[in-house]
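An overview of the molecular structure
Listed below are the residues making up each chain.
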Amino acid sequence: MGRGESEEKAKMEQEPEEDPGFCDKFRGFPKCIGFIVGNEFCERFSFYGMKAILTIYLLEALLFDDSTSTAIYHAFTFGCYFTPILGAIMADSWLGKYWTIVSVSMVYCLGHLIMSLSDLVGPHPYPFLGPSPSGKIPGAMIGLVLIALGTGGIKPCVSAFGGDQFKDGQTKQVQMFFSIFYFAINAGSLISTLVTPLLRDDVQCYGADCFPLAFGVPAILMVVATILFIVGTPFYKRNPPQGNVVVLVSKAIGNAVKNRWNREEGEQREHWMDYCDTTKYEKKLVRDIKFMLHVLYMYIPLPVFWALFDQQGSRWTLQAYRMNYDLGPLGKMKPDQIQFVNPALILILIPIFEGVIYPILDKCKIPNRPLQRMCAGMTFAAGAFVVAGFIQIALQNTYPQPPASGYSGLRVINMADCELTATFDHPFTGDNPPAFDAIAYKGEQKLYNVPMGNHTIDFTCNGKTPLNNYPVDMGDQEFNTVIITDNNGSLHAPTQYHTDWDKPDKADPKMRVIFMLDPDTIGNNVTVRIENKAVPTQVNHDFDAEMETATEYVVKEPGDFNVRLQFVNNTKADQDELVGTFSTEHGGGYTVVVYNDGTDNMVESYIDAEPSSMSILYQIPQYFIITTGEVLFSVTGLDFSYSQAPKSMKSVLQAAWLLTVAFGNVIVLIVAEARLIEDQAIEFFMFAGLMGAVVIIFAIMAYFYTYNEIPKDDEEMEEMGKSNGDIENGKVRNGVDNPALSPDGPIDEGVLAGDTSYITQL
């Protein structure tokens with residue numbers, strides 16, 4: 001630093017800086033900042049866009065079950081929060097931040113590209129022929145690994161690289177940069193969480209959700225992010241690698257552990273770090289590590305919070321997946337769109353807490369120290385999962401229940417043009433015996449309490465020859481359908497049809513066709529086609545027409561469907577006859593009956609399993625509660641960590657914080673793969689109970705925690721990143737804060753305390 005710079009700095013320290021106007025904060029902005037902010041917006045769009053639809057992709061395209069989908073999702077998230085350590089080491093010890101960002105971005109783009117292309121594998125008409133879904137899985141897994149390496153590799157570098165572009169004394173400009181930077185993060189995540197589910201669901205590719213497009217758009221955004229960053233190259237200020245403080249601290253701790261293990265018998269020191277070799281590592285470094293370890297002790301329970309928090313993208317999305325998406329005049333919300341509530345609430349709640357709630361608590365002299373706020377945040381997280389558990393119970397109560405053991409279900413559909421009466425030949429006795437009421441034309445009636453076994457039923461109708469002694473074979477907890485038709489004035493019924501009473505395994509509806517016509521009276525090569533009216537060439541299915549035969553159930557996108565008869569007439573001309581329409585909704589099961597009403601061929605649809613009825617909006621309270629917990633926990637947690645550690649250790653604490661997120665996801669992965677809890681509501685309550693136990697443990701730890709008093713010399717340290725090297729005269733210098741793992745760069749601590757999005761979104 002030159003003399004003039006020294007005098008200017010001394011002047012700034014002596015004279016209080018006036019608060020500049022809004023426009024003044026942009027004066028002196030480096031030209032390259034736009035490229036860095038644009039890069040961050042596009043990268044966050046790409047990451048959160050693909051992550052929003054990941055669980056449903058695993059469930060629907062790769063056909064994994066709920067537990068496996070959850071496990072893969074959290075394994076991926078673990079990788080995203082573990083690999084920043086590797087990215088920081090690569091940036092600080094080898095390539096530098098610029099080349100780390102560029103090189104890892106290439107890996108990132110490749111991962112997105114592979115994810116998008118992997119869903120183009122399948123049978124004809126897919127462009128890459130192969131089995132489905134087994135042909136998609138290898139590419140999808142490789143893509144996820146590369147994306148985790150990519151996002152983790154650049155996660156610790158971009159914000160710090162942006163901070164490096166500013167000159168000494170540009171404190172206000174740096175603060176404005178980080179405000180813009182974190183706005184770009186939240187804007188990218190919020191917009192992508194809304195957009196990519198629309199691309200997935202509203203566009204059809206090869207008769208299914210268009211995952212190639214939904215993954216392809218984030219891939220394009222990541223390519224744009226990389227190009228933007230590279231275009232700004234001539235304007236960047238690039239600092240050479242200066243060594244990684246995480247590596248330095250790890251070596252010092254390893255040295256202390258080794259020396260303590262090899263100590264002479266009877267040798268005792270006050271702290272085990274005191275065994276560190278001070279001929280190689282400075283005493284100040286050892287002291288700073290002790291302060292850091294004191295804080296890290298409080299990190300031990302933290303992964304449990306993230307185990308709950310990150311289930312928004314897995315278990316909570318699966319809960320939304322089986323709810324009703326209809327928002328009335330607002331249209332429909334996709335189950336993976338509901339996640340946008342979290343970043344939206346973050347933008348709303350942080351100003352409320354900082355500007356209203358915390359000042360009120362201070363005035364009321366209510367204790368709200370950092371550890372107390374963190375404890376409150378964890379309590380809110382537990383409360384959110386209690387709410388989720390009760391929502392899950394209510395949701396499961398809407399599922400169709402099988403007949404009781406020893407009983408079966410029977411449905412009678414009246415396709416005869418009269419009012420139908422059905423009577424068991426041997427009426428049942430006891431409380432609430434099964435009995436049919438009169439059934440109107442095209443109507444139906446269901447009984448769920450018919451004793452299992454063989455029974456006979458008499459069907460009568462005014463003006464029709466009755467059908468007597470019709471046999472039904474009722475299996476235990478089975479459900480069967482009988483269709484009564486008019487055959488030249490006589491009631492007629494083919495053999496009973498086994499019916500699936502349960503909801504489909506996935507959210508999309510299942511449907512089948514019962515063909516009550518004689519194909520020979522229609523033409524040759526008769527088929528029944530059902531096609532979604534909105535995308536008839538994409539969503540359709542052809543059934544062979546066999547008289548009085550039920551097809552297998554098929555799963556299709558919900559919506560309005562046309563039913564067409566396709567055949568060859570007597571002149572060998574292809575015919576296509578629209579015979580009717582029917583509608584389906586998410587979670588429903590349907591039987592479509594094709595019949596003749598005496599004049600025309602017609603269609604009637606009947607519900608086998610009720611569609612999802614519980615609104616997705618019931619999830620809003622649990623999102624509000626856990627987001628409140630996030631504000632209390634993550635904002636305050638970083639504030640506490642930075643205030644309790646020396647400046648040289650802040651990057652290590654940032655690394656440790658990211659690791660708590662990573663290992664929180666490991667907890668969910670283990671629970672999902674263990675499959676010890678089948679009832680999802682009970683699993684939610686289990687996590688709430690686990691969080692409650694951790695709250696108690698953390699409260700006890702906080703009660704006995706002694707706050708560090710950081711020596712004044714740390715407050716007077718020079719700006720980070722100005723070390724002349726880590727080795728001087730053969731001795732390792734005190735660690736310099738690693739800007740690649742720290743979100744601050746040259747920013748002051750007050751700004752850091754409020755930067756929640758770095759923790760939760762970046």
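What comes next is a walk through the structure. (Residues numbered from 1 in each chain as written. Predicted model: local features only at pLDDT ≥ 70, side-chain atom pairs only at ≥ 80, totals over all residues. Heavy atoms only, no water.)

Scanning the protein chain from N- to C-terminus turns up 21 helices and 23 strands. The 762 residues of the protein chain split such that 55% are buried. Considering only residue pairs separated by 6 or more positions, the protein chain has 75% of its internal contacts joining residues 24 or more positions apart. Carbon and sulfur atoms form 57% of the exposed surface of the protein chain, whose accessible area is close to 32900 Å². (Helix = DSSP H or I, 4+ residues; strand = E, 2+ residues; numbered from the N terminus. Buried < 20%, exposed > 50% of the residue type's maximum accessible area, 1.4 Å probe, protein only. Contact = heavy atoms within 4.5 Å. Areas by Shrake-Rupley, 256 points an atom, 1.4 Å probe, with all protein chains shown as cover.)

For the rest of this paragraph, the subject is the environment of Ile696. Position of Ile696 relative to the elements: it lies in helix H18 (residues 680-703). Spatially, the C-alpha atoms of Ile696 and Cys375 are 8.6 Å apart, while their sequence positions differ by 321 residues.

Another aspect to go through is the sheet that holds strand S9 (residues 467-474). Taken in spatial order, the three strands line up as S6-S8-S9 in an open sheet, and their pairing is antiparallel. One side of each edge strand has no neighbouring strand; the edge strands of this open sheet are strand S6 (420-424) and S9. With direction set aside, neighbouring strand axes in the sheet form an average angle of 30°. In this sheet, strand S8 (residues 453-461) lies alongside S6 in antiparallel orientation, the contact comprising five bridges. Bridged to Ala422 within S8 is Phe459. (Pairing = 2+ DSSP bridges. Axes fitted to C-alpha atoms, helices over the stretch in contact; angles between N-to-C directions.)

Time to look at the packing of aromatic side chains. Counted according to the given criterion, the structure contains 42 aromatic pairs. Look at Tyr57 and Phe215: their rings are 4.8 Å apart centre to centre, the planes differ by 90°, and that puts the pair in the edge-to-face class. One end of the pair, Tyr57, is in helix H3 (residues 54-61); the other, Phe215, is in helix H9 (residues 211-231), with 158 residues separating them in the sequence. We classify Tyr57 as buried; its relative accessible area is 0%. Among the residues examined, Phe215 registers a relative accessible area of 1% and is labelled buried. Between the aromatic rings of Phe633 and Trp657, the centroid separation amounts to 5.8 Å while the plane-to-plane angle is 35°, which identifies the pairing as tilted. Of the two residues, Phe633 sits in helix H16 (residues 620-643) while Trp657 sits in helix H17 (residues 650-674), which places them 24 residues apart along the sequence. For the pair Phe633 and Trp657, a shared accessibility class is recorded, and that class is buried. Here the aromatic cluster, defined as three or more aromatic residues joined through ring pairs, consists of Tyr299, Phe305, Trp306, Phe309, Phe633 and Trp657. Above the ring of Tyr707, the side-chain terminus of Arg369 is found at 4.1 Å from the ring centroid. Directly above the ring of Tyr553 sits Lys510, whose terminal nitrogen or CZ lies 5.3 Å from the centroid. (Phe/Tyr/Trp six-rings, centres within 6.5 Å; stacked < 30°, edge-to-face > 60°. Lys NZ or Arg CZ within 6 Å of the ring centre and 35° of its normal.)

The first and last C-alpha atoms of helix H8 (residues 171-202) sit 46 Å apart over 32 residues, in line with the 46 Å expected at 1.5 Å per residue. Maximal helix bending in H8 amounts to about 30°, located at Ser192. (Expected span 1.5 Å × (residues − 1). Bend = angle between axes of the 7 residues up to and from the residue.)

To continue, consider unusual backbone geometry. Cis geometry is adopted by the peptide bond preceding Pro125, which originates at His124 and carries an omega value of 15°. Note that Pro125 resides in the loop between strand S1 (121-122) and strand S2 (128-129). The residue after Ser132, namely Pro133, is reached through a cis peptide bond having omega 10°. Here Pro133 lies in the loop between S2 and helix H6 (137-154).

Attention now moves to the pattern of salt bridges. Opposite charge on two side chains allows them to pair when their charged atoms are near. Evaluation of the coordinates by the stated rule reveals 23 salt bridges. Through salt bridges with shared partners, a single network forms among Arg200, Asp201, Asp202, Asp209, Lys334 and Asp336. (Salt bridge = Lys/Arg side-chain N within 4 Å of Asp/Glu carboxyl O.)

This part is about the state of the cysteines. One way to say it: the disulfide is the covalent bond shared by the sulfur atoms of two cysteines. Per the stated rule, a full pass over the model turns up two disulfides. Here Cys205 engages in a disulfide with Cys210; their sulfurs sit 1.7 Å apart. Measuring the twist about the S-S bond at about -50°, one finds the Cys205-Cys210 disulfide to be left-handed. Here Cys205 matches Cys210 in class, with each residue buried. A sulfur-sulfur separation of 1.5 Å characterises the disulfide bridge that pairs Cys418 with Cys461. Taken as a pair, Cys418 in the loop between strand S5 (407-414) and S6 and Cys461 in strand S8 lie far apart in primary sequence, 43 residues in all. Each member of the pair, Cys418 as well as Cys461, is classed as buried. Taken in sequence order, the bonded cysteines of the protein chain link in the pattern 1-2, 3-4. (Disulfide = S-S within 2.5 Å.)

Moving on to H18. Over its 24 residues, H18 extends 35 Å from the first C-alpha to the last, a length consistent with the 34 Å expected when each residue adds 1.5 Å. Elements that come into contact with the buried residues of H18 comprise helix H12 (303-309), helix H13 (315-321), helix H15 (370-397) and H17. With a side-chain oxygen positioned 2.9 Å from the backbone nitrogen of Ala681, the residue opening H18 is Asp679. (Polar contact = N/O pair within 3.5 Å; in protein donor to acceptor, adjacent residues only side chain to side chain.)

Where S8 lies against S9, six bridges are found, and the strand directions are antiparallel. Within the sheet, the bridge partner assigned to Asn454 lies in S9 and is Asp473. Here S8 folds back onto S9, and the loop between the two strands holds five residues, one of which, Gly463, carries a positive phi near 80°.

What follows concerns the packing of helix H14 (residues 341-363) against H16. Interhelical geometry of H14 versus H16 gives an angle of 55° and a closest axis separation of 9 Å. If you check the angle between H14 and H16, you find them oblique. Taken as a pair, H14 and H16 cross one another with a handedness that is right-handed. Where H14 approaches H16, its residues Val341, Asn342, Leu345, Ile346, Leu349, Ile350, Phe353, Glu354 and Tyr358 are matched on the opposing element by Ile620, Tyr623, Phe624, Thr627, Thr628, Glu630, Val631, Leu632, Val635 and Thr636. Considered class by class, the residues forming the contact of H14 with H16 number 13 nonpolar, four polar and two charged. (Parallel < 35°, antiparallel > 145°, perpendicular 65-115°, else oblique. Left-handed = near helix turned anticlockwise from the far one by under 90°. Nonpolar A, V, L, I, M, F, W, Y, C, P; charged D, E, K, R; others polar.)

Before going further, it helps to spend a moment on a nonpolar patch on the surface. A grouping of Leu347, Ile348, Ile352, Val356 and Ile360 is seen on the molecular surface, where their side chains present a nonpolar patch of about 410 Å² in accessible area. Note that Val356 resides in helix H14. Given a relative accessible area of 44%, Val356 falls into the partly exposed group. (Patch = residues over 30% accessible without salt bridge, like charges linked within 9 Å, V, L, I, M, F, W, Y side chains within 5 Å.)

Read across the sheet, four strands follow the order S15-S14-S18-S19 without closing on themselves; strand pairing throughout is antiparallel. Lying at the two open borders of the sheet, with one neighbouring strand each, are strand S15 (540-544) and strand S19 (574-584). Neighbour-to-neighbour, the strand axes of the sheet open up by a mean angle of 20°, direction not taken into account. For strand S14 (residues 524-532) and strand S18 (residues 559-568), the ladder comprises seven bridges, and the chain directions are antiparallel. Counterpart to Arg529 in the pairing with S18 is Arg564.

Another aspect to go through is the packing of helix H2 (residues 33-52) against H9. One can describe the packing of H2 onto H9 by two numbers: an axis separation of 8 Å at closest approach and a directional angle of 160°. If you check the angle between H2 and H9, you find them roughly antiparallel. Helix-helix and strand crossings are classified by hand; for H2 and H9 the assignment is left-handed. Counting all contacts with H2, which are made through Phe35, Gly38, Asn39, Cys42, Glu43, Phe45, Ser46, Gly49 and Met50, the residues of H9 involved are Phe215, Val217, Pro218, Leu221, Met222, Val224, Ala225, Thr226, Leu228, Phe229 and Val231. Here the contact of H2 with H9 is built from residues that sort into 14 nonpolar, five polar and one charged.

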